[in-house]
Structures are given as structure tokens and as C-alpha cells.
Amino acid sequence: ELKVEQNPLFLSMQEGKNYTIYCNYSTTSDRLYWYRQDPGKSLESLFVLLSNGAVKQEGRLMASLDTKARLSTLHITAAVHDLSATYFCAGGYSGTYKYIFGTGTRLKVLA
Amino acid sequence: DAGVTQSPTHLIKTRGQQVTLRCSPISGHKSVSWYQQVLGQGPQFIFQYYEKEERGRGNFPDRFSARQFPNYSSELNVNALLLGDSALYLCASSLAGNQPQHFGDGTRLSIL
């Protein structure tokens, strides 16, 4: 059964700093998603990663996928307060239509 | 274009009651998925429907059921409500089962 683990669970960082959120998954997954969730809100899709070596960038966020290591990363460059949110990765279960979410990383960017 | 719409936004029920949650997908999307998100946790997959057929089911008891209508809207039903069913229920739609999902704002269900 596919399991998705994120770390860290909580991240407090200063504005202007860089950091990386890690997403490990246990078995073959043919697609990996990153979402953002603000408190009391729904999920906003950030990135879809479909193949080994895929890299996507949007603003200060960059996501990558290494299918051999079963690892995806979300890198934050020069963090700003507006990036404060909870970030989830989710793996698509190969051969099915199930999506398994990680536990989330609660990011707080301090001014 | 309208996004995924869910109703109601909030709901309060008591233990043992039954509840029906509704979801309208983005126009043109044929796949609808349901998730349960307990406070402080990630969403947990409940069901996915595509073209009115169940394509995936998560590890939830039979008290949870769903269906998809010819217009691709969907209902999630939960019977014999328990306190532990209190959560945010999210609906997501996509063009097909393995395409990026777009989430609605959710229905917050509280069980007293």
C-alpha cells in the first residue's frame, strides 16, 4: 500500500531564507502532486510531476521528482510571509485512481 | 468559469443521524473524488467516480457511500454518524481519473 511521508511537519523560517520540504513515498507512484492549503480553506494545486527528473517552478517555489529514490522535494527560495501555509504532497497510486496525501508541512515565515 | 461547488458549507448533526453532501464539478470534468480531512491531518481518499462508475475506494466503512449522476455531480452519504466523522469533506473534480484535481471549498461536518 502506498504511503506518503513528509518532513518536516512544522517549519518556521525567516523571510529571505531558503528551505526544502521532503516527500517520500513507499511504492511506485505514477504521479506526484503538491498542494497548498491556507487555514480554513481548501487545497490549491501547485505542481504536477509525472516523470523521473521532472522539475517545475512557480515564483519562489520549485518542485522536483526522483522516482528511483521515491522522493519529491519542494524548495522555497527567499521565503516571504505570504508563503505561510500548509503544504501537502500527494501520490497517485499506480493502476488506480486513489490519491494518498502526506501529513502536510505547516510552514510559517517570520518577518 | 465556476469552480467545484459543494453544499452545504457547514452542517451540524448528532450521532446516529445520516447526512448527504453534494458536489458539482467544474464544467467538462467527468471525474469526482471525495476526501475526508480531519483537523491537523492530510486529506484521506474516500471515493472516486468517473462516468458514473466507482473507480476507487479508500479504507472507509460501508457507512460511507457515494454516487455520481448523469450530469457528473455527486453525492456522498454517511449513515449512522459517529463523533469521529467530524471533519472537512472535500470534493475534487478532474477531466479524467488520473488528471490534476481541482478542489472545492469543502463541507465542514460537526457531529454532536
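Predicted, not measured: the structure shown is a model, and the values here were computed from it.

K.L.:
Explanation requested: the packing of aromatic side chains in the structure shown.
P.N.:
For any pair of aromatic rings, the description consists of the separation of the ring centres together with the inter-plane angle of the planes. This model, assessed by the stated rule, comprises 11 aromatic pairs over all chains. Where Y35 of chain B meets F103 of chain B, the ring centres are 5.5 Å apart and the plane angle is 45 degrees; that geometry is what we call tilted. Taken together, the residues span a long stretch of sequence, with Y35 of chain B in strand β4 (residues 31-37) and F103 of chain B in strand β10 (residues 102-103) at a distance of 68 residues. Overall, the relative accessible area of 0% leaves Y35 of chain B in the buried class. Under the relative-accessibility criterion, F103 of chain B is labelled buried at 10%. Among the aromatic residues, those joined into a ring-pair cluster are Y33, Y35, F88, Y99 and F101 of chain A together with Y35, F45 and F103 of chain B.

K.L.:
Explain unusual backbone geometry to me, please; I cannot follow it from the model alone.
P.N.:
One can expect most non-glycine residues to show negative phi and most peptide bonds to be in trans. In this structure, the amide linkage connecting N7 of chain A to the following residue, P8 of chain A, adopts the cis form with an omega of 0 degrees. Note the cis peptide between S7 of chain B and P8 of chain B, where omega equals -10 degrees. Relative to the helices and strands, P8 of chain B resides in the loop between β1 (5-7) and β2 (10-13). With a phi close to 55 degrees, R70 of chain A is a non-glycine residue in the positive phi region. Phi is positive for A78 of chain A, which is not a glycine, with a value near 50 degrees. Among the structural elements, A78 of chain A can be located in the loop between β8 (71-76) and β9 (85-93).

K.L.:
Can you help me understand the sheet that holds strand β3 (residues 19-24) of chain B in this one?
P.N.:
Whenever strands of a sheet pair, they do so through backbone hydrogen bonds, lying parallel or antiparallel. All names here are of chain B. Spatially, β1-β3-β8-β7 is the arrangement adopted by the 4 strands of the open sheet, whose pairing is antiparallel. Both outer strands of the open sheet, β1 and β7 (64-68), are each paired with one neighbouring strand and no more. When the angles between neighbouring strand axes are averaged without regard to direction, this sheet yields 15 degrees.

K.L.:
How should I be thinking about the pattern of salt bridges in this particular structure?
P.N.:
Charged atoms that come close allow side chains of opposite charge to pair. Residues and elements named next belong to chain B. This model, assessed by the stated rule, comprises 6 salt bridges over all chains. Between R63 and D85 there is a salt bridge; the shortest N-O distance is 2.8 Å. Separated by 22 residues along the polypeptide, R63 in the loop between β6 (53-57) and β7 and D85 in the loop between β8 (74-78) and β9 (87-94) bring together distant segments of the chain. The salt bridge involving R67 is made with E75; its shortest N-O contact spans 3.3 Å. Judged by its relative accessible area of 44%, R67 is partly exposed. On the basis of relative accessibility, which here comes to 11%, the residue E75 falls in the buried class.

Cut-off values and rules
- Residues numbered from 1 in each chain as written.
- Chains lettered and ligands numbered in written order.
- Predicted model: local features only at pLDDT ≥ 70, side-chain atom pairs only at ≥ 80, totals over all residues.
- Heavy atoms only, no water.
- Phe/Tyr/Trp six-rings, centres within 6.5 Å; stacked < 30°, edge-to-face > 60°.
- Helix = DSSP H or I, 4+ residues; strand = E, 2+ residues; numbered from the N terminus.
- Buried < 20%, exposed > 50% of the residue type's maximum accessible area, 1.4 Å probe, protein only.
- Pairing = 2+ DSSP bridges.
- Axes fitted to C-alpha atoms, helices over the stretch in contact; angles between N-to-C directions.
- Salt bridge = Lys/Arg side-chain N within 4 Å of Asp/Glu carboxyl O.

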